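Structural overview for review
Letter by letter, the chains look like this.
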Amino acid sequence: MFVPTSMPSSRSDSRRRSDASTPSELASPTVDTPATERGDLFDNIDELLRNIPSESHILVTGGLGFIGSHTTLELLKANYNVIVIDNLSNAFQNVLDRISILAQKHHEENGTKMPSLRLHAHDYRDTTALKSLLQEYQIPSRWGNAKSKIAGVIHFAAYKAVEESIRNPLKYYSNNVSGLVDFATTLGEFGIKTFIFSSSATVYGTLANSGLPLKEELCVHKEEVHTNEEGTQEVVQPGCTGITNPYGRTKWMCETILADLAASDPEWTIVALRYFNPVGCDSSGLLGEDPRQAPTNLLPVVVKVMTGQYSELSMFGTDWETEDGTAVRDFIHVSDLALGHIAALSSANEGKLSDNFRTFNLGTGKGNSVMDVVSTMEGVISKPIARRAAPRREGDVGSCVAIVDRSTEELQWKTEKTLKDACQDICNFLEVSGLSS
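Residues numbered from 1 in each chain as written. Predicted model: local features only at pLDDT ≥ 70, side-chain atom pairs only at ≥ 80, totals over all residues. Heavy atoms only, no water.

- An unreviewed UniProt entry lists the chain under the name NAD-dependent epimerase/dehydratase domain-containing protein, from Penicillium antarcticum.

Shown next, in the form of structure tokens:
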């Protein structure tokens, strides 16, 4: 594993874009590192290569999407150079400019140097383009072991709409699963073996409705021994329970593939981050959830109602076994979620993980119903939001709330922002974008 020479210590569009513009490239020049003759002093050449000074970069697939853009921003703020791969199928070109403006502002305020930001506007499954990119960041070596200036990869480039996955499962298996296999194969060929995977709480399936706390050990990929709620040890077998849609199955399959890869090759360090429900946007108002395609997540639909694009909000299921009958979710602010990736990347690169494949829940540990979200937004805007009861959607569950002890203890990470913060930040985004009514 290649360790970055400087680990992070800090944290802290016009509406419709010109989509035909040339991808921005703010790349730092390639630095050639001269090889050194092997001698008796160097028993471990891999260790020597790891300690050669070199600029480190993080490769982010889907880095201009909702979660990807916020994570790219936090990486830059944390002093990482970032290479983004995004085919712009569900994101806009000028998101890159917004990320750059915010990162520049952060570094100017802190008197620090702005890292490099580079976009490659192609599909992550384009292996020819990927290999050409990775070749630029190789470290020359006369011993034949592939080394790279890319210190880690964060992979967001998956399709994610539950309903669409039910209608078109092959699209999801092709991109999410087959694409991952080819992608990981190519990364391995270039010696890039630190991998942060964007997973999902959907891997817990119908266990979300069982009343069990959603701990990571409810879904494992090898036999493990855990301490249960009664304080006794129990053996957990690999597998999953009641995953309700193809999207969720692709996430579980990808986790399994990555777990098997890590087991087969100890040089890999892989973290699967199981998201709950990301909401909100950067507090600046310059970044937000603004997909090209029709939104399916709750708050973007609420925004469509607020801005008059939709006449009302459809609440899918008002007869769930919850306090007010609407579905309960663990809503996590996207900026907190982005920082969870920084924590995972740091732990992976610093060798702090207990295993070379590790799963983590990223959530708040608290549930809010759909009605809670609507009421909170109504309180922020001081206006009612039109809504109606609608039948449950296929593939949905009634409740899904994280247990986040593992992330708190092992990643030293926790959420700081509230649901109200998320609603206020969304309103700020609408104001900055000129979309508020």
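Additional details are given in the paragraphs that follow.
**What to know about the environment of T194**
- By the element assignment, T194 lies in strand β6 (residues 194-200).
- C-alpha separation for the pair T194 and V271, spaced 77 residues apart in sequence, amounts to 8.4 Å. (Helix = DSSP H or I, 4+ residues; strand = E, 2+ residues; numbered from the N terminus.)

**Notes on the confidence of the model for the chain**
- Of all residues in the chain, 86% have pLDDT values of 70 or greater, and the mean over the chain is 87.
- A low-confidence stretch, residues 1-54 (pLDDT under 50), is modelled with 112 contacts involving residues beyond four sequence positions or located in other chains. (pLDDT = per-residue confidence, 0-100. Contact = heavy atoms within 4.5 Å.)

**Things to note about the sheet that holds strand β17 (residues 399-400)**
- The strand order across the open sheet formed by three strands is β15-β12-β17, and the pairing between neighbours is mixed. Each edge of the sheet is formed by a strand with only one pairing partner; in this case those strands are β15 (368-369) and β17.
- As judged from the two bridges shared by strand β12 (residues 328-329) and β17, these two strands associate in the parallel manner. In the strand pairing of β17, V328 is matched with S399. (Pairing = 2+ DSSP bridges.)

**A short note on helix α8 (residues 298-306)**
- Among the nine residues of α8, nine are classified as buried, and the element is accordingly described as predominantly covered.
- Buried residues of α8: L298, L299, P300, V301, V302, V303, K304, V305 and M306, and no others.
- Packing partners of the buried residues in α8 comprise β10 (277-279), β11 (313-316), β13 (331-333), α10 (370-381) and α12 (419-433).
- With its phi angle positive at about 85°, G308 sits one or two positions after the end of α8. (Buried < 20%, exposed > 50% of the residue type's maximum accessible area, 1.4 Å probe, protein only.)

**Digging into the side chain of S199**
- Within the secondary structure layout, S199 lies in strand β6.
- Relative accessible area serves as the criterion here: at 1%, S199 is assigned to the buried category.
- In this view, S199 contacts K251, E255, A272, L273, R274 and Y275; residues no more than four positions away in its chain are not counted.

**Regarding the state of the cysteines**
- Per the counting criterion, the structure on display carries zero disulfides.
- The thiol of C240 is unpaired, and the distance to the nearest cysteine sulfur, on C219, comes to 6.2 Å.
- You can call C240 partly exposed: its relative accessible area is 36%. (Disulfide = S-S within 2.5 Å.)

**Regarding unusual backbone geometry**
- Unusually for a residue other than glycine, N79 sits at a positive phi of about 80°.
- Mapped onto the elements of the fold, N79 is located in the loop between α2 (66-77) and β3 (81-85).
- The phi dihedral of Q412 is positive, around 55°, even though this residue is not glycine.
- Its location among the elements puts Q412 in the loop between α11 (405-410) and α12.
- Relative accessible area serves as the criterion here: at 67%, Q412 is assigned to the exposed category.

**Regarding the nonpolar core**
- In terms of nonpolar packing, the biggest core is built from 45 residues, with I58, L64, L75, I99, V271 and L273 touching the most fellow members.
- It is helix α9 (residues 334-349) that contributes the most residues to this core, eight residues altogether.
- What V271 contacts, discounting residues up to four positions off in sequence, is F195, I196, F197, A344, A348, L353, R358 and F360.
- Of all hydrophobic cores here, the second largest spans 28 residues; its members include L130, I192, I270 and F357. (Core = buried A, V, L, I, M, F, W, Y, C linked by side-chain atoms within 4.5 Å.)

**Let's talk about the packing of aromatic side chains**
- Tallied over the entire structure, the rule returns three aromatic pairs.
- Note on Y159 and Y172: the rings are 5.6 Å apart at their centroids and 55° apart in plane angle, and the pair reads as tilted. Remark: Y172 occurs in helix α6 (residues 169-189) and Y159 occurs in the loop between β5 (150-155) and α5 (162-167); sequence separation between them is 13 residues.
- Among the residues examined, Y172 registers a relative accessible area of 0% and is labelled buried.
- In this structure an aromatic cluster arises from ring pairing among Y124, F183 and F195.
- A cation over a ring is seen here: K171 above Y159, with NZ or CZ 4.5 Å from the ring centre.
- In this structure, R392 packs its charged tip against the face of W320, placed 3.8 Å from the ring centre. (Phe/Tyr/Trp six-rings, centres within 6.5 Å; stacked < 30°, edge-to-face > 60°. Lys NZ or Arg CZ within 6 Å of the ring centre and 35° of its normal.)

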